[in-house]
There are 2 protein chains.
Amino acid sequence: MLRAREKKLRLRDPERTRKRLLRAAFRTVYRSGFQSASVDAILAATNVTKGALYHHFASKEDLGYAIVDEIVAKFPHDRWLLPLERSNDNDPIDALIGIVKAIPARPRDVKGGCPLVNLAQEMSPLDEQFRKRLERIFHSWQEGIAEALRRGQHQGTVRCDLVPEESASFLIAMVEGYEVLAKNAQDPKVWNVGIKSIVGWLNSLRTPGNRKRGRSHRRV
Amino acid sequence: MLRAREKKLRLRDPERTRKRLLRAAFRTVYRSGFQSASVDAILAATNVTKGALYHHFASKEDLGYAIVDEIVAKFPHDRWLLPLERSNDNDPIDALIGIVKAIPARPRDVKGGCPLVNLAQEMSPLDEQFRKRLERIFHSWQEGIAEALRRGQHQGTVRCDLVPEESASFLIAMVEGYEVLAKNAQDPKVWNVGIKSIVGWLNSLRTPGNRKRGRSHRRV
DNA sequence: CGCAACATACCAACTAGTTTGTATGTCAAA
DNA sequence: TTTGACATACAAACTAGTTGGTATGTTGCG
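**Some remarks on the overall build of chain A**
1) Next: In terms of regular secondary structure, chain A is built from 12 helices and 0 strands.
2) Next: Taking all 220 residues of chain A together, the buried fraction comes to 50%.
3) Next: Considering only contacts within chain A whose residues lie at least 6 apart along the sequence, 67% involve residues at least 24 apart.
4) Next: Surface accessibility of chain A: about 11,300 Å² in total, with carbon and sulfur atoms responsible for 52%.

**Let's talk about the protein's contact with DNA strand C**
1) Next: Around DNA strand C lies a shell of 21 residues, among which A:Lys50, A:Tyr54, B:Thr17, B:Thr49 and B:His55 are the nearest.
2) Next: Counting only atoms of DNA strand C within 4 Å of the protein, the sugar-phosphate share comes to 60%.
3) Next: One of the backbone N or O atoms of A:Val39 is found 3.0 Å from a phosphate oxygen in DNA strand C.
4) Next: At 2.7 Å, a side-chain N or O of A:Tyr54 approaches a phosphate oxygen of DNA strand C.
5) Next: Among the elements that take part in the surface near DNA strand C, helix α4 (residues 50-56) of chain B stands out by supplying 4 residues, more than any other.
6) Next: In terms of residue class, the surface near DNA strand C is built from 6 nonpolar, 7 polar and 8 charged.

**Describing the pattern of salt bridges**
Side chains that differ in charge, positive against negative, can pair when their charged atoms come close.
1) Next: Inspection of the entire model under this criterion finds 26 salt bridges over all chains.
2) Next: A salt bridge links B:Asp69 to B:Arg133; its shortest N-O distance comes to 2.5 Å. Taken together, the positions of B:Asp69 in helix α5 (residues 60-72) and B:Arg133 in helix α10 (residues 128-155) put the pair 64 residues apart, joining distant regions of the chain.
3) Next: Judged by relative accessible area, B:Asp69 falls into the partly exposed class, the value being 31%.
4) Next: Through salt bridges that share partners, A:Glu143, A:Glu147, A:Arg150 and A:Glu165 make up one connected network.

**What to know about the relation of the copies chain A and chain B**
1) Next: The transform that puts chain A on chain B rotates by 180 degrees and translates by 0.0 Å along the axis, for an RMSD of 0.1 Å. The symmetry that links the two subunits is that of a two-fold axis. Relative to the rotation axis, the closest C-alpha in chain A is found at A:Gly177, a distance of 1.9 Å.

**Notes on helix α9 (residues 115-123) of chain A**
1) Next: Burial within α9(A) is extensive, with 9 of its 9 residues counted as buried.
2) Next: Buried within α9(A) we find A:Pro115, A:Leu116, A:Val117, A:Asn118, A:Leu119, A:Ala120, A:Gln121, A:Glu122 and A:Met123.

**Digging into the interface of chain A and chain B**
1) Next: Taken together, the 35 residues of chain A in the interface contact 35 residues of chain B.
2) Next: Both faces considered, chain A and chain B share a buried interface measuring about 3,100 Å² in area, 59% of it formed by carbon and sulfur atoms.
3) Next: If you sort the residues of chain A by the area they bury against chain B, A:Gln121, A:Phe170 and A:Asn184 come out on top, with a joint share of 23%.
4) Next: Taken together, the connections running from chain A to chain B amount to 2 salt bridges.
5) Next: Note that A:Glu166 and B:Lys196 form a salt bridge whose closest N and O atoms lie 3.1 Å from each other.

**Some points on the nonpolar core**
1) Next: If you look at the biggest cluster of nonpolar residues, it comprises 132 residues, and the most contacted ones within it are A:Trp80, A:Ile145, A:Leu202, B:Trp80, B:Ile145 and B:Leu202.
2) Next: If we ignore the near neighbours within four places in the chain, the residues touching A:Trp80 are A:Phe75, A:Leu96, A:Ile99, A:Val100, A:Ile103, A:Trp141, A:Ile145, A:Leu171 and A:Val175.

**A few points about a positive patch on the surface**
All names here are of chain A.
1) Next: A contiguous patch of positive charge, built from Arg23, Arg27, Arg31 and Arg108, is present on the exposed surface.
2) Next: Considering every element that reaches the positive patch, the biggest residue donor is helix α2 (residues 14-32), with 3 residues.
3) Next: The topology assignment puts Arg23 in helix α2.
4) Next: Take Arg23: its relative accessible area is 52%, and that puts it in the exposed class.

Conventions we followed
Residues numbered from 1 in each chain as written. Chains lettered and ligands numbered in written order. Predicted model: local features only at pLDDT ≥ 70, side-chain atom pairs only at ≥ 80, totals over all residues. Heavy atoms only, no water. Helix = DSSP H or I, 4+ residues; strand = E, 2+ residues; numbered from the N terminus. Buried < 20%, exposed > 50% of the residue type's maximum accessible area, 1.4 Å probe, protein only. Contact = heavy atoms within 4.5 Å. Areas by Shrake-Rupley, 256 points an atom, 1.4 Å probe, with all protein chains shown as cover. Near = heavy atom within 4 Å. Polar contact = N/O pair within 3.5 Å; in protein donor to acceptor, adjacent residues only side chain to side chain. Nonpolar A, V, L, I, M, F, W, Y, C, P; charged D, E, K, R; others polar. Salt bridge = Lys/Arg side-chain N within 4 Å of Asp/Glu carboxyl O. Least-squares fit on C-alpha atoms with pLDDT ≥ 70 in both. Buried area = accessible area lost by both parts, 1.4 Å probe. Core = buried A, V, L, I, M, F, W, Y, C linked by side-chain atoms within 4.5 Å. Patch = residues over 30% accessible without salt bridge, like charges linked within 9 Å, V, L, I, M, F, W, Y side chains within 5 Å. Lys, Arg positive; Asp, Glu negative; His and termini not counted. Charge placed at Lys NZ, Arg CZ, Asp CG, Glu CD.

Okay, structure coming up:
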């Protein structure tokens with residue numbers, strides 16, 4: 001193992017090369033879709049050659065699978081699962097509202113849409129390997145939310161008459177649905193209105209006694 | 001002008017040829033996406049030649065625009081706008097619930113997803129002409145629902161504290177979001193659970209006095 | 001009506017460029 | 001020196017779109 005200082009001077013650093021390929025591939029695929037993202041375009045976005053790419057990945061599909069596993073999977077994990085775990089003893093509804101409000105609404109993000117949905121929408125009907133990997137991500141996302149809701153039910157902050165798994169997938173559907181609408185409109189305003197509706201729905205999951213309903217009317 | 005009987009025997013029937021191209025193109029694009037649907041594949045699905053295609057359509061994009069205008073636009077129109085208009089004096093919530101429940105849940109439809117979302121998701125960030133056409137469809141869809149809700153507010157069957165446009169786009173987001181989830185799962189069960197949640201939400205739009213809440217517990 | 005003049009609808013082959021993937025060679029590091 | 005990590009050049013298949021030509025349908029005119 002080389003020290004970091006030496007690592008910088010290395011001409012050949014396979015891990016780094018692989019990472020760069022992955023990142024560039026993700027960006028290109030995010031823009032054009034997987035099928036239309038040409039290998040040449042990915043290579044042009046790096047200064048890596050085709051030989052290097054096919055040294056690290058057996059095929060374009062293989063590269064795509066790695067994108068899903070190593071990059072796309074991070075989004076729900078970092079943005080949803082980690083925050084939910086960290087707010088372990090707080091009201092999960094508050095946590096979820098915070099998470100929803102924290103989803104980036106920059107034009108760049110709105111226009112590109114959700115990478116997970118983009119890939120699922122394009123590849124799931126065409127390639128079972130893609131589909132399975134994407135489904136694993138959706139499932140752990142849903143399970144993380146459901147778990148938080150269950151916690152809230154035990155705490156008494158979340159209504160007991162709802163089925164956590166169903167509410168979780170409903171929330172995911174809302175978020176993804178609005179991201180699709182905002183992406184089509186290419187307009188962050190659409191997304192911001194969506195947040196408002198989603199937050200309203202989330203508040204309706206509180207136990208009737210517990211309604212702190214954040215009616216602070218800060219601008220949305 | 002030739003009579004219908006003679007028309008069948010005609011060797012050249014430009015309208016028919018155009019329609020056949022459109023239908024085949026729609027099916028191919030529905031399966032593979034627009035960019036990956038090759039012109040050759042579309043032609044192989046008909047017995048029309050490339051010359052004929054480029055006689056009727058200036059380019060592949062042009063063919064795509066025609067698909068949106070003449071085929072994709074029909075889905076929200078036929079499945080949402082027409083039923084809403086027809087149920088003019090009934091409770092719009094009942095009408096909407098009926099519409100949502102009537103969305104096909106056959107494996108074929110679930111696996112292919114919503115043609116409107118498929119195209120929007122793929123093409124809206126890449127081609128402004130696609131985007132505008134798709135946005136028109138989304139907008140008239142939303143406007144149709146909003147109008148029905150407004151009607152309900154005047155009738156007294158729909159809560160007055162909600163903003164019709166926002167509730168309309170919320171409903172669309174839910175429907176599309178769940179279609180994305182179901183498409184990724186490639187499983188109609190996911191969609192059926194979604195319907196349940198959406199119907200529950202729709203019932204929550206009724207004016208408190210008016211809750212007939214279809215709690216018939218028929219299996220979902 | 002009958003026929004020439006024209007316009008539309010279509011066909012098969014082709015072009016120029018792009019696609020993923022490979023075969024072979026070279027150079028750095030252990 | 002051997003082996004992994006690349007680079008270069010290339011191939012075979014596929015891409016959208018064009019070409020020149022032909023068969024059919026329509027229409028104006030005698």
